[in-house]
Amino acid sequence: IDAQILDTTKIDEVIIKGRFTSETSHQKIEKIDLMKSHDIGSIFNRAAGFGIVKKGNYASEPVLHSFKYDQINLQYDGAIKIHGACPNRMDPTTVHINPKEVESAEIIKGPFSVRYGQTMGGILNIVTKTPKIIKGKKFRGIFQNSYENNGKNLDSHIQMNWIKKNYDVFLSGGIMNYGNYKSGNGTEIPSSFINYNFSGKIGIYLSESSQVRLGFHQNYSKDVLFAGLPMDADYDNSRLYNIEYKYSSSNSKIFKISAKAYGSTVDHVMSNRKRPNYSYSHAISTLKADSYGGKIETGIAANDKLILYSGIDFYHIAKDGSRNRTILVNSCNNLYYDPPINKTDLIWQNSYMGGYGVYSELNYEFNNELLFNSGARIDYSKADILSPAEDFSNLYSNSIHPKNEINYSLTATIQYLINDKLSIKLATGRGNRTPNLMERFINHLSIGSDAYEYVGNPNLTSEKNNQISISMEYLNNKLKLGGNIFYSNMRDYITARVDSSILRKFLPCKEPKYAKRFMNVDFVKQYGFESNFEYRFHKSWSIYSNLSYTYAQNISWDEPLSEIPPLASNIALRYTTKKLSTDFSVRLVAAQNRVSNSFNEKSSEKFKVFNISANYNPYNWLGINISVFNIFNENYYEHLSRAFKNMESSSMFYEPGRNIRILVKLNF
């Protein structure tokens, strides 16, 4: 995974700013990794400092150091977000857009920018494709089709773009049909899904310096099996709309004005109809999530040395839905109900959250060697519950309406270019995260990796992260070296703990007898390191490696934080010519024995996985990729993957065994 320094006067959606970068704290994931993925979340698995949480083969989410889920600010094109409707996160932000629609994925590892909303642990900006003229062609298209033998997976995708004098058009669509795969020891893992996706963009050029761009994304998945969750998704249907105005000028002090707005709707239905407990109780959940937001920003070049960005952003998220159960058998005594009993459980209790923020961030160049960045923002947040369940309201004595919050964020970074090859950077930041709707309002649902029911807490306050990072980078014609160490001091960290005052609501005869309630923890810390190395020892041959480790501790509870990626390294030997490129890689992951007793977290074993990939482009219009994943058929599982729940057999959630993929791409 290579890092590149990008010029934001040309591509203003990116978050990596000119020379103001370091590979270990700012990264760009290359397009070649995106084109081969069926899931945006999975592309981060080879990036230093990351792990992946998987509940099924369809949905995976990145974990950065100890940060996961909403602790990571994941967005599209510098502002756009889409929020899933499932409390078990069957439909996280990463699954609603096909990775083949993505140009690049950019990373800031820490709360080191204030321009992209509230940020606690880091920023992942997914930049989607727009039309480009390549070799003078104003119309171009790509069709690609792939087959994988492990699961008999088919993946077809087509995209086209036109560029005219006053407008451009981009269209993209595809179908994925994945079956159950087999792990290294031959165990069949429930992992099949069917997905249809379509997107379109229209750009209208108002003048040489201004344009309007409209976008639409439709993503429909059905019959999705989740090996790590108690239910499966019957379907998930999402729609995302966005509009953007952009002005840019190189002849004015106000060199940039941009305005973006978006809206999304997610309809989600999940059930247990393919699970063993279906004979006891028929359960189906019908859920919906609506969100909208936007951002207005100006860029001012006060002089040759000072650039100032200022803006305002806002968002609104609303979720509702219920679970309907037809109970056929009393699971405590195995007696049949005649007639069956019907129950309705409120999932989101018709809740919402939203807010807005104002910010300013400046870049100042003292001289050619010393660069400085600083930013500040203030956020106002509110949340409420409109249709509470009676037992939830009684638990809090009817005091279930959260207080509005005002949070502030600060960041400062200084980078010293020792010479044209070596640089050092010190970054500091204070970030926040407002409690989400699940943490505030969920009511006795099994949403964790353990067997407990979870209960929300409307009295939660925002998490705070104070982080410092020191990075070094060396670069010459043949060698890249980078290193980064970081430390975080987190206050009011949000997690869940067993509360003996709250009895289990469903199946009270079963263990555990009590539920977990979300709460704030006074003091949590993390620290760790990352390193990367790339050496080109021949015009066609190079070797790449990275190494990362995170130590995270709940100081208040005197135990490790749960779900922390173990020590991991990626090593790749690459051969590249004009028509042929190959990549032989190995992923080495150590055992993770630092686990949380509070979450009944289990230790995981070390593993190593070898892969090989070859790309051959005999003609400009034809590309062929042949890849073999897990060459030696290793039987392994990721530490962050959930174990099976409510399956025919009890097992860990193993990764695919040997898998051969053939991909053909046609350019026209």
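Each value, and the rule that gives it
- Residues numbered from 1 in each chain as written.
- Predicted model: local features only at pLDDT ≥ 70, side-chain atom pairs only at ≥ 80, totals over all residues.
- Heavy atoms only, no water.
- Helix = DSSP H or I, 4+ residues; strand = E, 2+ residues; numbered from the N terminus.
- Rg over C-alpha atoms; globule rule 2.2 N^0.38 Å.
- Buried < 20%, exposed > 50% of the residue type's maximum accessible area, 1.4 Å probe, protein only.
- Areas by Shrake-Rupley, 256 points an atom, 1.4 Å probe, with all protein chains shown as cover.
- Lys, Arg positive; Asp, Glu negative; His and termini not counted.
- Charge placed at Lys NZ, Arg CZ, Asp CG, Glu CD.
- Phe/Tyr/Trp six-rings, centres within 6.5 Å; stacked < 30°, edge-to-face > 60°.
- Lys NZ or Arg CZ within 6 Å of the ring centre and 35° of its normal.
- Disulfide = S-S within 2.5 Å.
- Core = buried A, V, L, I, M, F, W, Y, C linked by side-chain atoms within 4.5 Å.
- Pairing = 2+ DSSP bridges.
- Salt bridge = Lys/Arg side-chain N within 4 Å of Asp/Glu carboxyl O.
- Contact = heavy atoms within 4.5 Å.

Chemist: Quick question: what am I supposed to make of the overall build of the chain here?
Modeler: Helix and strand content of the chain: three helices and 34 strands. In summary, the chain has a C-alpha radius of gyration of 25 Å against a globular reference of 26 Å for 668 residues, a match within 12%. In terms of overall dimensions, the chain has C-alpha extents of about 75 × 55 × 50 Å along its principal axes. Classification of the 668 residues of the chain by burial places 57% in the buried group. Accessible surface, the chain as shown: approximately 27,600 Å² in total, 57% of it carbon and sulfur. Of the charged side chains in the chain, 78 are positive and 63 negative, and the gap between their average positions amounts to 5 Å.

Chemist: I keep staring at the packing of aromatic side chains and nothing clicks. Help me out?
Modeler: To describe a pair of aromatic rings, you give the distance between the ring centres and the angle between the ring planes. In the structure shown here, the tally under the stated rule is 24 aromatic pairs. Geometrically, the ring pair formed by Phe584 and Phe610 is stacked, given 6.2 Å between the ring centres and 25° between the ring planes. Of this pair, Phe584 sits in strand S31 (residues 580-589) while Phe610 sits in strand S32 (residues 607-619); the two residues are 26 residues apart in sequence, bridging distant segments of the chain. Given the relative accessible area of 36%, Phe584 is considered partly exposed. Among the aromatic residues, those joined into a ring-pair cluster are Tyr58, Tyr178 and Phe193. The residue whose ring lies beneath Lys319 is Trp348, and the NZ or CZ to ring-centre distance is 4.7 Å.

Chemist: So what exactly am I meant to see when it comes to the state of the cysteines here?
Modeler: A covalent bond between the sulfur atoms of two cysteines is what we call a disulfide. Scanning the model with the defined rule gives one disulfide in all. Residue pairing for Cys332: its cysteine sulfur links by disulfide to Cys509, the two sulfurs lying 1.9 Å apart. Taking the torsion about the sulfur-sulfur bond, which here is approximately -90°, the covalent link between Cys332 and Cys509 counts as left-handed. Of this pair, Cys332 sits in the loop between strand S17 (306-329) and strand S18 (336-346) while Cys509 sits in the loop between strand S26 (479-503) and strand S27 (514-536); the two residues are 177 residues apart in sequence, bridging distant segments of the chain.

Chemist: Sorry if this is basic, but what is going on with the nonpolar core here?
Modeler: Generally speaking, soluble globular proteins have nonpolar side chains that are buried together. Core analysis: the biggest nonpolar cluster contains 75 residues, and Phe44, Ile442 and Phe518 have the highest contact counts within it. A per-element tally of this core places S26 first, with five residues. By size, the runner-up hydrophobic cluster in this structure holds seven residues, among which are Tyr181, Ile189, Phe644 and Tyr654.

Chemist: Explain the pairing of strand S2 (residues 50-54) here, please?
Modeler: Each regular strand shows side chains that alternate between the opposite faces of the sheet. For S2, a buried count of five out of five residues is recorded, marking the element as mostly surrounded by other parts of the structure. Residues Phe50, Ile52 and Lys54 of S2 are buried on one face, and the alternating residues Gly51 and Val53, pointing to the opposite face, are buried as well. As judged from the five bridges shared by S2 and strand S3 (residues 60-64), these two strands associate in the antiparallel manner. Across the sheet, residue Ile52 finds its bridge partner in S3, namely Pro62.

Chemist: Got a minute to help me understand the pattern of salt bridges in this structure?
Modeler: For side chains of opposite charge, pairing can occur when their charged atoms come near one another. Tallied over the entire structure, the rule returns 35 salt bridges. With a shortest N-O distance of 3.9 Å, Asp77 and Lys201 are connected by a salt bridge. Note that Asp77 is positioned in the loop between strand S4 (72-76) and strand S5 (102-108) and Lys201 in strand S12 (residues 193-205), a separation of 124 residues in sequence. Judged by relative accessible area, which is 8%, Lys201 ranks as buried. Two residues, Glu439 and Arg433, come together in a salt bridge whose shortest N-O distance is 2.9 Å. Arg433 sits in the buried class, given a relative accessible area of 6%. Here the salt bridges share partners, and the residues they tie into one network are Arg46, Glu534, Arg574 and Asp583.

Chemist: I keep staring at the environment of Leu640 and nothing clicks. Help me out?
Modeler: Among the secondary structure elements, Leu640 is positioned in the loop between strand S33 (622-629) and strand S34 (659-667). Residue classification places Leu640 among the buried residues on the basis of a relative accessible area of 4%. Sequence-wise, Leu640 and Tyr544 are 96 residues apart; in three dimensions their C-alpha atoms are separated by 25 Å. With near-sequence residues (within four places) excluded, Leu640 lies in contact with Gly51, Ile52, Val53, Lys54, Val63, Glu563, Ile564 and Pro565.

It is worth stressing that arrangement in space is one thing and function is another; only the former is reported here.
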